[in-house]
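This is what each chain is made of:
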Amino acid sequence: MSLACTLEEIASNARRLLDADQRARLIVAKPAQALPLCVDGPLLSITLHRLLANAFEAGSEQVLLAIEQTFRETRFSVVDASTQGFDASWAQEPFHTTKPSRLGLGLALVRRDVAVLGGSFALEQTEHRGTCAAILLPTADAQGDALR
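Computed from a predicted structure; not experimentally measured. Going along each chain's sequence as written, the residues are numbered from 1 onward. This being a predicted model, a pLDDT of at least 70 is required before a residue's local features are given, and a value of 80 or more before pairs of side-chain atoms are given or counted; all residues contribute to the totals for chains, interfaces and linings. No hydrogens and no water enter the side-chain calculation; it runs on all heavy atoms of the structure.

Axis definition: a line fitted to C-alpha atoms, over the contacting stretch in the case of helices. Angles run 0 to 180 degrees between N-to-C directions. By definition, any uninterrupted DSSP run of H or I lasting at least four residues is a helix, any uninterrupted run of E lasting at least two residues is a strand, and each is numbered from the N terminus. For the pair helix H3 (residues 41-57) and helix H5 (residues 106-116), interaxial distance at closest approach is 10 Å and the crossing angle is 150°. Considering the angle they form, H3 stands roughly antiparallel to H5. In the crossing of H3 with H5, the sense of the turn from one axis to the other is left-handed. For the pair formed by H3 and H5, the contact residues are Leu43, Thr47, Arg50, Leu51 and Asn54 on the first element and Gly106, Leu107, Leu109, Val110, Asp113, Val114 and Val116 on the second. When an angle is under 35 degrees it counts as roughly parallel; over 145 it counts as roughly antiparallel; between 65 and 115 it counts as roughly perpendicular; any other value is oblique. What makes a crossing left-handed is the near helix being turned counterclockwise from the far one by less than a right angle; a clockwise turn instead makes it right-handed. Only heavy atoms enter the contact rule, under which two residues are in contact if any of them lie within 4.5 Å.

Bringing H3 into the picture now. Structurally, the α-helix is built with 3.6 residues per turn, so residues lying three or four positions apart point the same way. To estimate the expected span of a helix, subtract one from its residue number and multiply by 1.5 Å. A rise of 1.5 Å per residue sets the reference length of H3, with its 17 residues, at 24 Å; its end C-alpha atoms lie 24 Å apart and thus fit the reference within 8%. Throughout, exposure labels follow a simple rule: accessible area from a 1.4 Å probe, protein chains only, divided by the maximum for the residue type, with under 20% read as buried, over 50% as exposed, and the rest as partly exposed. Turning to H3, its buried residues are Gly41, Leu43, Leu44, Ser45, Thr47, Leu48, Leu51, Leu52, Ala53, Ala55 and Phe56. N or O atoms closer than or at 3.5 Å make up a polar contact, with two conditions inside protein: a donor-capable atom paired with an acceptor-capable one, and, for residues adjacent in sequence, both atoms drawn from side chains. Of the residues that open H3, the one with a side-chain oxygen 3.2 Å from the backbone nitrogen of leucine 43 is aspartate 40. Positive phi shows up at glycine 59, right after H3, with a value of about 105°.

A word on the pattern of salt bridges. By convention in these notes, a salt bridge is any Lys or Arg side-chain nitrogen within 4 Å of a carboxyl oxygen on Asp or Glu. Summed over the entire model, instances satisfying the criterion amount to five salt bridges. Residue glutamate 8 pairs with lysine 30 through a salt bridge whose shortest N-O separation is 2.8 Å. Pair noted here: glutamate 8 is in helix H1 (residues 7-16) and lysine 30 is in the loop between strand E2 (26-29) and strand E3 (37-39), with a separation of 22 residues, a long-range link. Classification of lysine 30 by relative accessible area gives partly exposed; the value is 36%. Overlapping salt bridges bring together Arg50, Arg112 and Asp113 as one network.

This is the structure:
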């Protein structure tokens, strides 16, 4: 169900789902002034939580959740600084995992949920061997909502 949500609500809920140690190591960067998103806030928060938890499980000491927004789109980027090698194409296939007791469905679920939200998902290796997972969603104005 889509409702008007603030970026603060979405980021706070995703952060709240992490364990205490991970919350202490999460850095959130977001615009001081932002437009609301007309989105299923709980679904987006859970999706961001999956990406954040993945980043910590990859061995990153700190993880950055960077939120950028224009009148057309809102981008949520989860950036880790893991020095482990990472193959983005391999990791996106369902049932591929290097973690014991995991099914390897995390990124497949993220892709599915981002599609339900009307957005797009990208995963790439950073120049320092870390990972950037990005969710791109239309901002309320781009969805046809009157914000003026």
